[in-house]
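Working through the structure, step by step
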Amino acid sequence: MTTTHMQTMERSETKLVGYTVTASVNQDLENDIVIKLREELFKKRHEIANRLDNDGIYLVQVYPDGEWTPDMPFVSIVAVEVHEYSSIPEGFVQHTIPAGTYAKVTHKGPESQIGETYDFIRDQDICGSRPFDLEYWAQMDSLEEEESTIDIYLPMEE
């Protein structure tokens, strides 16, 4: 069972370095695309210059025209936060999350059940259509535990 908690907050600009892929949710679920990228990033994160001293990983999901369906390909970026950009290792990309007002929804429960939290977000019409959302996985070793938490940030329209 999952639980959710929501609040509105201001976020400062966030600089990220990691891997990117374009795929639909259904393609990702069938092939574990994001899971494999996350595991690869976790192994190679030490190669990224100016990385903040934490083990958290971000997932940015960028939706074409703010629309989403399970079969629609969209860009996923699995990354770590850096305090500034410098030389980016081969195969990595940089991406900046803009500062602004965000709805923060906390998913509590196994990552495999995060779809229930996204259903809650859609049912409550939190932020309506949006160009992207952002997940933060603080504890990589406990994502499938009942006590696991994943923060989801949704940009609010100004």
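The preceding data block contains the structure.
The following refers to the structure shown. This is a predicted model, so every value here is computed, not measured.

**Considering the layout of surface pockets**
Of the volumes computed, that of the largest pocket is approximately 830 Å³. Lining of the largest pocket is provided by 34 residues; of these, Val 25, Gln 61, Ile 114, Tyr 118 and Glu 135 occupy positions nearest its centre. Taken together, the residues of the lining of the largest pocket break down into 14 nonpolar, 8 polar and 12 charged.

**Describing the pattern of salt bridges**
The full count for this structure, using the stated rule, is 6 salt bridges. Asp 151 is the partner of Lys 104 in a salt bridge, and the nearest nitrogen-oxygen pair spans 3.8 Å. Taken together, the positions of Lys 104 in strand S6 (residues 100–108) and Asp 151 in strand S8 (residues 149–155) put the pair 47 residues apart, joining distant regions of the chain. A relative accessible area of 17% places Lys 104 in the buried class. What makes Asp 151 buried here is its relative accessible area of 16%. Among the salt bridges present, the one from Asp 133 reaches Arg 130, with a minimum N-O distance of 3.1 Å. Overall, Asp 133 belongs to the buried group, its relative accessible area being 0%.

**Some words on the packing of aromatic side chains**
Under the counting rule described, the total for this entry stands at 4 aromatic pairs. On the numbers, 4.6 Å between centres and 20° between planes, the contact of Tyr 19 with Phe 92 is stacked. Residue Tyr 19 is located in strand S2 (residues 14–23), and its partner Phe 92 is located in the loop between strand S4 (74–82) and strand S5 (93–97); the two are separated by 73 residues in the primary sequence. Comparing Tyr 19 with Phe 92 shows no difference in burial state: the two are buried. Consider the rings of Tyr 63 and Phe 74, whose centres lie 5.1 Å apart with planes at 50°: the pair is tilted. Taken together, the positions of Tyr 63 in the loop between strand S3 (57–62) and S4 and Phe 74 in strand S4 put the pair 11 residues apart, joining distant regions of the chain. By relative accessible area, which is 5% here, Phe 74 ends up buried.

Basis of the calculations
- Along each chain, the written sequence defines residue order, and numbers are assigned to residues from 1.
- In keeping with the model being predicted, local features are shown solely for residues with a pLDDT of at least 70 and side-chain atom pairs are shown and tallied solely at 80 or more, while totals for entire chains, interfaces and linings include all residues.
- Only hydrogens and water are removed before side-chain values are computed, so all heavy atoms of the structure are retained for them.
- In this analysis the probe radius is 1.4 Å and the grid spacing 1 Å, with only protein atoms considered; a cavity is a set of points the probe fits into but cannot get out of, a pocket is an open set with protein on both sides within 12 Å along at least five of seven lines, and lining residues have an atom within 4 Å of a point.
- Grid points are joined across faces, edges and corners, and a volume is the space filled by probe spheres set on the points.
- Only Asp, Glu, Lys and Arg are considered charged in this grouping, and only Ala, Val, Leu, Ile, Met, Phe, Trp, Tyr, Cys and Pro are considered nonpolar; every other residue, Gly among them, is considered polar.
- Should a side-chain nitrogen of Lys or Arg be within 4 Å of a carboxyl oxygen of Asp or Glu, the pair is scored as a salt bridge.
- A run of DSSP states H or I qualifies as a helix once it reaches four residues; a run of E qualifies as a strand once it reaches two. Both are numbered from the N-terminal end.
- Exposure classes here rest on a 1.4 Å probe applied to the protein chains alone. A residue is buried below 20% of its type maximum, exposed above 50%, and partly exposed in between.
- Ring pairs are drawn from Phe, Tyr and Trp, using the six-membered ring of Trp, whenever the two centres fall within 6.5 Å, and their geometry is named by plane angle: stacked under 30 degrees, edge-to-face over 60, tilted for the rest.

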